[in-house]
Amino acid sequence: MGAPRGSCALASLLCCLLSVAHAQRVNVRNEVTGYLGKEVILPCNFVANSPETKVSQVTWVKETGGRKQNVAVFHPDHGPSYPMERDSTRIRFRTPSLEDATLIIDPLLMSDKGTYTCEFATYPLGNEDGFTELIIVAKPVNRATAEEVKASKIEVPVALCTSSNGKPPARITWQSGLAGNASVSQVVNADSTVTVTSRYSMVPSKEANGQRIACVVEQKTLAQPEVLPVVLSILYPPEVTIQGYDDNWYLSRNEASLTCLAKGNPTPTQFTWTTPSGTLPKSVEVQGARLIVHNVDQSVNTTFICEATNRVGQVRSEQIVFVRDKPNMDGAGTTGGIIGGIIAAIVALAVVATGVLICRQQQKNRMDREEDDLEGPPAYKPPPPCQLSEETEPVAKPTEAESIPLKTPFFEPSVTDDLFGGVITTKMEETPRYHELPTLEEREAAAEAAASLEDEYLDQVNPIYDALSFTAPEEEAALTPMATDKAFVMSRAMYV
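Peer 1: Talk me through the overall build of the protein chain; I want residue IDs and the actual numbers.
Peer 2: Scanning the protein chain from N- to C-terminus turns up five helices and 30 strands. Looking at the protein chain as a whole, 29% of its 496 residues are labelled buried. At a minimum sequence separation of 6, the contacts of the protein chain that also span at least 24 residues come to 61%.

Peer 1: Can you break down the sheet that holds strand β10 (residues 114-123) residue by residue, with the values?
Peer 2: The sheet built from six strands is open, its strands ordered β2-β11-β10-β5-β6-β7 with mixed pairing. Here the strands that pair on one side only, and so sit at the sheet edges, are β2 (31-35) and β7 (79-81). This sheet shows a mean twist of 25 degrees between the axes of neighbouring strands, independent of strand direction. Here nine bridges tie β10 to strand β11 (residues 126-137), and the two strands are oriented antiparallel to one another. When the sheet's bridge partners are listed, G114 is paired in β11 with L134.

Peer 1: Describe in detail the confidence of the model for the protein chain, supporting the description with residues and values.
Peer 2: Per-residue confidence for the protein chain gives a mean pLDDT of 77, with 67% of residues at or over 70. pLDDT under 50 marks residues 386-395. Its contacts with residues more than four places away, or in other chains, come to nine contacts. pLDDT under 50 marks residues 464-496. Its contacts with residues more than four places away, or in other chains, come to 51 contacts.

Peer 1: Got a sec to walk through a nonpolar patch on the surface? Specific residues and values, please.
Peer 2: Together, I339, I343, V347 and V351 give the surface a local cluster of nonpolar side chains, amounting to about 370 Å² of exposed area. Its location among the elements puts I339 in helix α2 (residues 329-375).

Peer 1: I'd like to hear about the sheet that holds strand β8 (residues 91-93), residue by residue, with values.
Peer 2: Pairing is antiparallel across the open sheet formed by three strands, whose spatial order is β3-β9-β8. Looking along the sheet, the strands with just one partner apiece sit at the ends: β3 (40-42) and β8. Looking at each pair of strands side by side, their axes are set apart by 25 degrees on average, direction ignored. By the bridge criterion, three bridges tie β8 to strand β9 (residues 103-105) in an arrangement that is antiparallel.

Peer 1: With reference to specific residues and values, describe unusual backbone geometry.
Peer 2: The omega angle of the peptide bond from D106 to P107 is 0 degrees, so this bond is cis rather than trans. The topology assignment puts P107 in the loop between β9 and β10. In this model, N265 is joined to P266 through a cis peptide bond whose omega is 5 degrees. Along the chain, the position of P266 falls in the loop between β22 (254-265) and β23 (270-274). One non-glycine residue, N165, adopts positive backbone phi at about 55 degrees. On the basis of relative accessibility, which here comes to 36%, the residue N165 falls in the partly exposed class.

Peer 1: Which residues make up the pattern of salt bridges, and what values do they have?
Peer 2: Applying the stated criterion across every chain, the model contains 13 salt bridges. The partner of E239 in a salt bridge is K263, and the shortest N-O contact between them spans 4.0 Å. Placement of the pair is E239 in strand β20 (residues 234-243) and K263 in strand β22, with a sequence separation of 24 residues. Put simply, E307 and R316 hold a salt bridge, and the shortest N to O gap is 3.9 Å. On the basis of relative accessibility, which here comes to 18%, the residue E307 falls in the buried class. Judged by relative accessible area, which is 46%, R316 ranks as partly exposed. It is possible to trace a salt-bridge network through shared partners that takes in E85, R90 and D112.

So, how was this worked out
Residues numbered from 1 in each chain as written. Predicted model: local features only at pLDDT ≥ 70, side-chain atom pairs only at ≥ 80, totals over all residues. Heavy atoms only, no water. Helix = DSSP H or I, 4+ residues; strand = E, 2+ residues; numbered from the N terminus. Buried < 20%, exposed > 50% of the residue type's maximum accessible area, 1.4 Å probe, protein only. Contact = heavy atoms within 4.5 Å. Pairing = 2+ DSSP bridges. Axes fitted to C-alpha atoms, helices over the stretch in contact; angles between N-to-C directions. pLDDT = per-residue confidence, 0-100. Patch = residues over 30% accessible without salt bridge, like charges linked within 9 Å, V, L, I, M, F, W, Y side chains within 5 Å. Areas by Shrake-Rupley, 256 points an atom, 1.4 Å probe, with all protein chains shown as cover. Salt bridge = Lys/Arg side-chain N within 4 Å of Asp/Glu carboxyl O.

The following block contains the structure:
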């Protein structure tokens, strides 16, 4: 029982080795892709493992649907032969030989699809072969168009995209910002190619006219998706308006006109002008969409009707014209008033802006001056106090009986005691206010005053300080003779 098992294992190993040797002797490609209508090459080479191996013939066999058919044969004595297409040069050996059996098919047809076997008749090994699957692809022809439809409330196809004669079938999608739906259908052609059709449907409206969408086609033969733009064409009747009447048509006015404006899809090209009576005044001239009145008279005191027509329909619009005896100045006055108001508003804005700028500048200058007043020194400079020097002659000190009394304060009653015991009645003059900080103008005036006026300025200081001061030596001499051994000197500026 053990021997038969060993024999089976050895036989299996030999079969594997033979298969490897067989695969190594015939070199082919397992799969080849060819483009419809183009050239395709099926490589096949034979490599002999020993000098004893001899090749006598090369044959290409095609198998389709279980049926085999000889395609090409080469014999060293009889040369190449092409049994499948005897009268055609579409199929040929690249270099007819017993070592290189490469086959060329040009142009490639969809019927060439199938499994091809390259066989070498050898001695003493017998036939050696290799298999190649030929896959055929076809690049489709892509096209996208808009479907002309009338504006309605029913969903209909508005664009069509077709990918024709492709292999394998193409994939179609849409790029759109509109609310629509796509449907796809396929048709297999006689040559096994496929035509794919996609329809884009939506509710057509005049607003969608002229909008852009895009058909995107993806297929194996395309290096990148192909984008086909489509401009929608939604048909709708004209929309008509009449312009040109300014409510100021008066007798003897020259060159008045009306213009019939109409838009639609397709664009209206036919315009008709009429009146309710059916005829136009003799003073009117029609130039397509324009109606010209060379000289206004009572005959144009009517209603003008413009009819615009396109393939979808005909629409009319009316304009009532009132002819005045004299020009209407209300409109001109209104227009002039509007223009004048605009100019006045501009001037007013300019004045306000100028005033604001001036106020801001003045405020800035005032703030700068205040900052200078707070930070800087006073505008006036009081004289320094006098000092005694060695050269000053000493004045004798007055006795107690000879001392000069203080002056009466300004706020005391009007009846005061005389220096010598008598009673003197005086009238109290208007009491000046206590000294306040001078203003900027007072400082500037004080700075500009002469040095000789300093004493007069200092006399304005609150009189309370005068009561505390001594009289000058000259005044003392006038009142009573005193013997002084020392002079008392104080600057009036020190009162401050």
